[in-house]
Number of protein chains: 2
Amino acid sequence: MAVKYSRQRQMIHNFLITRKDHPTADVVYKNIRQECPNISLGTVYRNLTLLADRGEIIKLQVGDGVDHFDADTSNHCHFVCSDCGAVTDMYFDCLEEMFAKAQQIFSGKINSQNTCFFGVCKECLDKSPENME
Amino acid sequence: MAVKYSRQRQMIHNFLITRKDHPTADVVYKNIRQECPNISLGTVYRNLTLLADRGEIIKLQVGDGVDHFDADTSNHCHFVCSDCGAVTDMYFDCLEEMFAKAQQIFSGKINSQNTCFFGVCKECLDKSPENME
DNA sequence: TCCTAAAATAGGAATCATTACTGTTTTGCA
DNA sequence: TGCAAAACAGTAATGATTCCTATTTTAGGA
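Residues numbered from 1 in each chain as written. Chains lettered and ligands numbered in written order. Predicted model: local features only at pLDDT ≥ 70, side-chain atom pairs only at ≥ 80, totals over all residues.

Overview of the overall build of chain A
Looking only at helices and strands, chain A has five helices and five strands in total. In sequence order, chain A lays out its α and β elements as α-α-α-β-β-β-β-α-β-α. Taking the principal axes of the C-alpha coordinates as reference, chain A spans close to 50 × 45 × 25 Å. Buried residues in chain A amount to 23% of all 133 residues. Excluding contacts between residues fewer than 6 apart, the proportion of contacts in chain A whose partners are at least 24 apart in sequence is 47%. (Helix = DSSP H or I, 4+ residues; strand = E, 2+ residues; numbered from the N terminus. Buried ≥ 20, exposed ≤ 12 C-beta atoms within 10 Å, placed from the backbone. Contact = placed C-beta atoms within 7 Å.)

Now the structure itself:
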C-alpha cells in the first residue's frame, strides 16, 4: 500500500525530532493535541508504528512496559535511570565493531541492534548518594 | 520483607534453567501446570518478577510486547528473529570493554546492560532466502 | 479544476499482558 | 505446637496497544 501524506504524521514526526527524551505514545499524543485538539490516540499509535516500520524513527523498549520513540536513527545506545525513569542517549565509537563482530560469529542475517544501559543518572545520584554503593 | 521458600518459585526457577529459548510468563505457566495443575498465573508473574528483582533471572523485552525470561545471568547478548520470533543467546568477549568504556564516559552509575540484535535467523533464511537481500 | 479510488482519520470498542485484591494456606522461627 | 509473615489461588481490575467503522483527505488522471 502506498503511503500518502498526512498532516498528523508530519506533526508527529516533527514533534519527535524536537525531543531528545524518547517520549511515549501518550506523551506524543498529549503534546500534539495542543495544536491539533482532535487527533486520536489511535492515529498517534498507527503513525508511530508506520514511521518505525519505515525506519524513520526508532521504537524502543527500556523495561518499563511502555514503548518509547526516538527520531534519532543513528547507531547509538540508551541509558535508563532506574530511579527517575529518564532515557538518555549514549554515543559509542565501538558499536560498529561490535556489529561487525556479531555478524561474523552469527550464521543468520543481522539488521539492527539495540543496546540499553541501566543504572542511576547523575541527577538522581546527587539527590540520593546511597545509590552509589 | 524476608523471602520464604515456596515450592512454586522453586519449580519456576528450575524450569527456566532447563530452557534456553527465553520463554514468556505464559509459556512458563502452561509448562509448570503440567506437574502443578492449580498454580495460578499471578503466582508465576509474581515469582518471575521477584526472581528478576533479586538478580536470579533476567527479564528481557525484545520488541514483541511480551516479557521474556532467562535463567542465564551471565553477561551476554540476545538475537531476535523478526521472522519466527525466536530469541537466542550470543556470547561476546567485547561486552566487558564496552561496559567499562560506558562507565568512563558516563557521569551516572551503570549497573547493567542489555543488548539485542535483530534480523533473520539461519533457519528462516534457509526457508525464505529473499530475506538475505 | 473535478472525480475517484486508495489511504488516513476520529472515536470508540476490544484485546491481552500484567498487576492488584482477598480470603486461605504455607513457611519458619521460638 | 503456635503464630506472624509471606505466599498462594482465583479472580477482578488496569492500562497500553490494536482493531473496527463510518467519514474525510490525498493524489493522480481526465
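Quick look at the sheet that holds strand 3 (residues 77–81) of chain A
Pairing in this open sheet of six strands is mixed, and the strands run 4(A)-3(A)-5(A)-5(B)-3(B)-4(B) from one edge to the other. The open sheet has two free edges, formed respectively by strand 4 (87–90) of chain A together with strand 4 (87–90) of chain B, since each of these has just one partner strand. If you compare each strand with its neighbour and ignore which way they point, the axes differ by 30 degrees on average. (Pairing = 2+ DSSP bridges. Axes fitted to C-alpha atoms, helices over the stretch in contact; angles between N-to-C directions.)

Here we look at the environment of C77 of chain B
All names here are of chain B. Here C77 is to be found in strand 3 (residues 77–81). When the C-alpha atoms of C77 and V87 are compared, they prove to be 10 Å apart, with ten residues separating the residues in sequence. Beyond its immediate sequence surroundings of up to four residues, C77 is in contact with M90, F92, T115, C116 and F117.

Some details on the interface of chain B and chain A
Across the contact, 29 residues belong to chain B and 29 residues belong to chain A. Mapped onto the side of chain B that touches chain A, the elements with two or more residues apiece are strand 3, helix 4 (95–105), strand 5 (109–120) and helix 5 (122–127) of chain B. Of all the elements, strand 5 of chain B adds the most residues to the side of chain B that touches chain A, at twelve residues. Here the residues of the side of chain B that touches chain A sort into 15 nonpolar, eleven polar and three charged. Relative to strand 5 of chain B, strand 5 (residues 109–120) of chain A runs antiparallel, the two being bridged by eleven bridges. Directly across from G119 of chain A, in strand 5 of chain B, lies its bridge partner I110 of chain B. (Nonpolar A, V, L, I, M, F, W, Y, C, P; charged D, E, K, R; others polar.)

Some thoughts on the domain arrangement of chain A
Residues and elements named next belong to chain A. Segmenting chain A into domains produces domain 1 (1–73) and domain 2 (74–133). Between the C-alpha centres of domain 1 and domain 2 there is a distance of 22 Å. Facing the ten residues of domain 1 at the interface are ten residues of domain 2. Considered class by class, the residues forming the side of domain 1 that touches domain 2 number two nonpolar, four polar and four charged. (Domains from an automatic or database assignment.)

Examining the protein's contact with DNA strand D
Near DNA strand D you find 27 residues, and of these Y5 and G42 of chain A together with M1, S6 and T43 of chain B are the closest. Elements with a contribution of two residues or more to the surface near DNA strand D: helix 3 (41–53) of chain A together with helix 1 (7–18) and helix 3 (41–53) of chain B. At five residues, the largest contribution of residues to the surface near DNA strand D is made by helix 3 of chain B. (Near = placed C-beta within 6 Å.)

Brief notes about the packing of helix 1 of chain B against helix 2 (residues 25–35) of chain B
Residues and elements named next belong to chain B. Two elements in contact, helix 1 and helix 2, have axes whose closest approach is 10 Å; the angle formed by their N-to-C orientations is 110 degrees. If you check the angle between helix 1 and helix 2, you find them roughly perpendicular. Seen along the crossing, helix 1 lies across helix 2 with a hand that is right-handed. Residues M11, I12, F15 and L16 of helix 1 form the contact with helix 2, whose own contacting residues are V28, N31 and I32. Here the residues of the contact of helix 1 with helix 2 sort into six nonpolar, one polar and no charged. (Parallel < 35°, antiparallel > 145°, perpendicular 65-115°, else oblique. Left-handed = near helix turned anticlockwise from the far one by under 90°.)

Let's talk about the relation of the copies chain B and chain A
Rotating chain B by 180 degrees and translating it 0.0 Å along the rotation axis places it on chain A, where the RMSD comes to 0.0 Å. Such a turn and shift between the copies fits a two-fold axis. Residue T115 of chain B of chain B places its C-alpha closer to the rotation axis than any other residue of that unit, at 2.1 Å. Residue by residue, 100% of the interface of chain B is reproduced at the interface of chain A, so both copies engage with the same surface. (Least-squares fit on C-alpha atoms with pLDDT ≥ 70 in both.)

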